Amino acid sequence: MTMTIYCEPGPEPTFPGSAEPAYAVAEASQLPALLTERPDVQLVVLGPGVPLAEAVAFTTRQRVERPSLGVVLLRDHVEVTVLAEALRAGVRDVVAAGDRDAVDAACARSLELTRRLNPEAPAAGAQVVTVFAGKGGVGKSTVATNLAVTLAGGGRRRVCLVDLDLQFGDVGILLQLPPERGLADAVGMAGRLDEDGVRSLLTPYRPGMDALLAPAGPAEGDQVDRELVAELLEVLRPMYDYIVVDTPPYVSDQVLAALDRTDWFALVVTPDLPSLKSARLTLTTFEMLQYPADRRLIVLNRADSEVGLTVADVEKALGQPTAVLMPSSRDVPLSVNRGVPLAADRPAHPVARAMAELAARCGARDDDRARRPLARLFGRRR
Ligand SMILES: Nc1ncnc2c1ncn2[C@@H]1O[C@H](COP(=O)(O)OP(=O)(O)OP(=O)(O)O)[C@@H](O)[C@H]1O
Ligand SMILES: [Mg+2]
């Protein structure tokens, strides 16, 4: 989880990047106190209204006091002289405030560097969330794509979406990504995969989020075996905060390799008898494999279906409470046609909100309660 402060004078300035910062302050002079209060802050973004001299003084001081802290400077126009002076002071990036993508990229880069520099940062690496169902068409890929986008939070976290539906994977289509590279290209590297090798297989999607696409056809899919999947996940783990795995509608050898390395089991169910029956079988299998019960998250998709069973029926049949209820919405197939998951451009949509709940259940909380009183305490005193 990342903690960012945005410093910009003026009433209610809007942050020009995608990831809403945890705090906003109006003056650079307020930053040291807030930083003392919050040792978990990793990035300070200085807005275009912060005078260059103040930005330089602040950054110079942090370079000594807190070298792992990143400072990104935004300017209305990036001039070479400003750039040189800022970088000399230790600013990690100077970007145009009007260039949202550049702001996102600079923030993501700085957060990444902080993680590498900060010895206290947890080295455990990514948590693996596997989206599963013993049945086709219940919404696994919908959940996996939207969850990955949500977890990435516009660049706040690093997320890799892995399409383990090796025969018919459609993550590439759902995200409109070019089928240029992916899992199939890992076959030749089996047994000697490293970070650079894995990076050459990834397709970047948005700030903080990459995809590892399924092979183009079933024949190539067969070559990606269980050992290779295990090897891939081990190499990916230290590179990301979350790995989201989309799966085919059955437990293959390759899926087992992922399940064995999974921290959160997101089981997608729809409120009908065939889906419930397969979900029960899946839960029994998980039981046998001794996957921890408190890591199973039941996602009830199409929870509002009028012809379907009630939430209570589903919970009774599964012997477990549902974690998240996701409604049916024609916006889901529409979003597929547009190639943009709802979570990417309509965060207030009920489907996106369900995914935010699921992300929170997987431990991705943004510390909202802690932030409000502090923001008030330190915010906008001019
Ligand atoms: N909540 C929803 N509301 C409306 N349509 C949905 C919803 N969830 C999924 N769908 C639609 O149902 C279809 C199947 O969804 P999806 O591809 O996510 O399922 P899947 O479990 O991955 O399928 P497969 O087993 O074939 O991989 C898609 O057309 C998708 O747009
Ligand atoms: Mg699918």
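Quick caveat: nothing in here was measured; it's all calculated off a predicted structure.

*Asks:* Looking at this structure, how should I read the nonpolar core?
*Replies:* For soluble globular proteins, nonpolar side chains are generally found buried alongside one another. Of all hydrophobic cores here, the largest spans 41 residues; its most connected members are Val143, Leu147, Leu151, Leu161, Val244 and Leu358. Element by element, the count of residues in this core is highest for helix H5 (residues 140–152), at seven residues. Setting aside residues up to four positions removed in sequence, valine 244 forms contacts with Val129, Val131, Ala144, Leu147, Ala148, Leu151, Val159, Cys160, Leu161 and Val162. Counting residues in hydrophobic clusters, the runner-up holds 27 residues, among them Leu193, Leu228, Val235 and Ile243.

*Asks:* Teacher, can you tell me more about the site of ligand 1 here?
*Replies:* Lining the immediate surroundings of ligand 1 are 17 residues, of which Lys140, Ser141, Thr142, Asn301 and Pro327 lie closest. Separating a nitrogen atom of ligand 1 from a backbone N or O atom of serine 329 is a distance of 2.9 Å. Of the residues in the shell around ligand 1, the class split is six nonpolar, eight polar and three charged.

*Asks:* What is the right way to look at the state of the cysteines in this model?
*Replies:* A covalent bond bridging the sulfur atoms of two cysteines is what the word disulfide describes. For the structure shown, the criterion picks out zero disulfides. As a non-bridged cysteine, cysteine 107 has cysteine 7 as the owner of its nearest cysteine sulfur, 14 Å distant.

*Asks:* Would you explain the domain arrangement of the chain in this entry?
*Replies:* Accessible area lost upon the coming together of the parts is a frequently used measure of interface size. When the domains of the chain are assigned, the result is domain 1 (4–121) and domain 2 (127–361). Distance from the C-alpha centre of domain 1 to the C-alpha centre of domain 2: 34 Å. Counting residues at the interface gives eight residues for domain 1 and nine residues for domain 2. For the pair domain 1 and domain 2, the summed buried surface comes to about 650 Å²; carbon and sulfur atoms form 49% of the total. In terms of surface lost to domain 2, no three residues of domain 1 exceed Ala19, Asp104 and Arg115, which account for 52% of the buried area on that side. Taken together, the links from domain 1 to domain 2 amount to one salt bridge. Notably, a salt bridge pairs glutamate 112 with arginine 158, separated by 3.3 Å at the nearest N-O pair. Across the contact surface, domain 1 and domain 2 share one residue pair in polar contact (both at pLDDT 80 or more). Broken down by class, the residue content of the side of domain 1 that touches domain 2 amounts to three nonpolar, one polar and four charged.

*Asks:* Just to check I follow, could you spell out the packing of H5 against helix H15 (residues 350–361) for this structure?
*Replies:* Packed helix pairs are specified by the crossing angle of their axes together with the interaxial distance, meaning the distance between the axes. Contact geometry for H5 and H15: axes closest at 9 Å, N-to-C directions at 70 degrees. Here H15 runs roughly perpendicular to H5, going by the angle between their axes. The crossing of H5 and H15 is right-handed. The residues of H15 that touch H5, namely those facing Val143, Asn146, Leu147, Thr150 and Leu151, are Met355, Ala356, Leu358 and Ala359. The class makeup of the residues in the contact of H5 with H15 is seven nonpolar, two polar and no charged.

*Asks:* Would you explain the pairing of strand E9 (residues 209–212) in this entry?
*Replies:* Burial of the side chains of E9 extends over both faces: Met209 and Ala211 are buried on one face and Asp210 and Leu212 on the other. Across four bridges, the pairing between strand E7 (residues 159–163) and E9 is parallel. Within E9, the position partnered with leucine 161 by the bridge is alanine 211. Here strand E8 (residues 203–206) pairs with E9 via three bridges, running antiparallel. Across the sheet, residue threonine 203 finds its bridge partner in E9, namely alanine 211. The turn joining E8 and E9, which pair antiparallel and follow one another in sequence, is formed by two residues; a positive phi near 85 degrees is taken by glycine 208.

*Asks:* What's the story with helix H4 (residues 100–117) in this structure? I'm lost.
*Replies:* Each full turn of the α-helix corresponds to 3.6 residues, which orients residues three or four apart in the same direction. In a regular helix each residue adds 1.5 Å, so 18 residues correspond to 26 Å; H4 covers 26 Å between its end C-alpha atoms and thus fits that length. Among the structural elements, strand E3 (43–46), strand E4 (70–75) and strand E5 (93–96) are those in contact with the buried residues of H4.

Analysis parameters
- Residues numbered from 1 in each chain as written.
- Chains lettered and ligands numbered in written order.
- Predicted model: local features only at pLDDT ≥ 70, side-chain atom pairs only at ≥ 80, totals over all residues.
- Heavy atoms only, no water.
- Core = buried A, V, L, I, M, F, W, Y, C linked by side-chain atoms within 4.5 Å.
- Buried < 20%, exposed > 50% of the residue type's maximum accessible area, 1.4 Å probe, protein only.
- Helix = DSSP H or I, 4+ residues; strand = E, 2+ residues; numbered from the N terminus.
- Contact = heavy atoms within 4.5 Å.
- Near = heavy atom within 4 Å.
- Polar contact = N/O pair within 3.5 Å; in protein donor to acceptor, adjacent residues only side chain to side chain.
- Nonpolar A, V, L, I, M, F, W, Y, C, P; charged D, E, K, R; others polar.
- Disulfide = S-S within 2.5 Å.
- Domains from an automatic or database assignment.
- Buried area = accessible area lost by both parts, 1.4 Å probe.
- Salt bridge = Lys/Arg side-chain N within 4 Å of Asp/Glu carboxyl O.
- Axes fitted to C-alpha atoms, helices over the stretch in contact; angles between N-to-C directions.
- Parallel < 35°, antiparallel > 145°, perpendicular 65-115°, else oblique.
- Left-handed = near helix turned anticlockwise from the far one by under 90°.
- Pairing = 2+ DSSP bridges.
- Expected span 1.5 Å × (residues − 1).

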